Each structure stands twice: as structure tokens, then as C-alpha cells.
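# Summary of structural features
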Amino acid sequence: ISAVLGASIETLVNGQGQIKLIPESGPYAFGSRVKIIPIPEEGYYLGTWGGEALGYEKGPIEYEITKANPKITALFVPCTKGAAAVRIATRALI
């Protein structure tokens, strides 16, 4: 008999975009790090992280699993007229 102890990450997106986790699925062992990448749709950018990632800098982050089943939220907001958003290819981050 073996047991796998770890956590899953729940993600929630507000606005137009998605969140990519690397590695993609858990369970994640306590103390392990997960790369979390915001992927905004065209015309949007990551306004802020929320949930357990509140306070992290905008852009890709490394999140350390320190509690059971953390929730990570991304708020994608529309670019203002005349502004530009840069989209980073996720392959370069893997």
C-alpha cells in the first residue's frame, strides 16, 4: 500500500484569459513549486493575481505548495484604447 500526499490547485479566471500550470496536474507534494503562467486573450492583460497568489508580481510566477488545495485567481482586464499588450509565448517558459 502506498499513499500520495499532496495538494491540487484550483484556478479561477475573471476576464478573458487562461492559466497554465507546469506541471499541469497534481497532486503536488508539499514544498514543491508549480510554475503558473497567465495567458491573456488578445486585447487583455493580467491586472492582478488573487487568492493564494495575491501580492505576487504580474506575469508568470512560481508558487510553492504550503497548504492543502490552494486557490489561485487571475484577473484579466481589457487594454485601454491606444495601449499595447505584449503576449509571451508559453513555449519559451517551459
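That block above? That's the structure.
This write-up is about the structure you can find in this document.

Reading guide: rules and limits
- Residues numbered from 1 in each chain as written.
- Predicted model: local features only at pLDDT ≥ 70, side-chain atom pairs only at ≥ 80, totals over all residues.
- Heavy atoms only, no water.
- Pairing = 2+ DSSP bridges.
- Helix = DSSP H or I, 4+ residues; strand = E, 2+ residues; numbered from the N terminus.
- Axes fitted to C-alpha atoms, helices over the stretch in contact; angles between N-to-C directions.
- Polar contact = N/O pair within 3.5 Å; in protein donor to acceptor, adjacent residues only side chain to side chain.

## Focus on the sheet that holds strand S4 (residues 44-51)
- The strand order across the open sheet formed by three strands is S1-S6-S4, and the pairing between neighbours is mixed. In this open sheet, the two edge strands, each paired with only one partner strand, are strand S1 (10-14) and S4. Sheet twist, expressed as the mean angle between neighbouring strand axes with direction ignored, is 20 degrees.
- Of the strand pairs in this sheet, S1 and strand S6 (residues 71-78) are connected by five bridges, and their pairing is parallel. The partner of valine 13 across the bridge, within S6, is alanine 74.

## A short note on the environment of tryptophan 49
- The residue tryptophan 49 is located in strand S4 in this model.
- One polar contact links the side chain of tryptophan 49 to the main-chain carbonyl oxygen of glutamate 57, over a distance of 3.2 Å.
- A distance of 3.1 Å separates a polar atom in the side chain of tryptophan 49 from the backbone oxygen of glycine 59.

Note that every value here comes from positions in space, so none of it alone points to a role or purpose.
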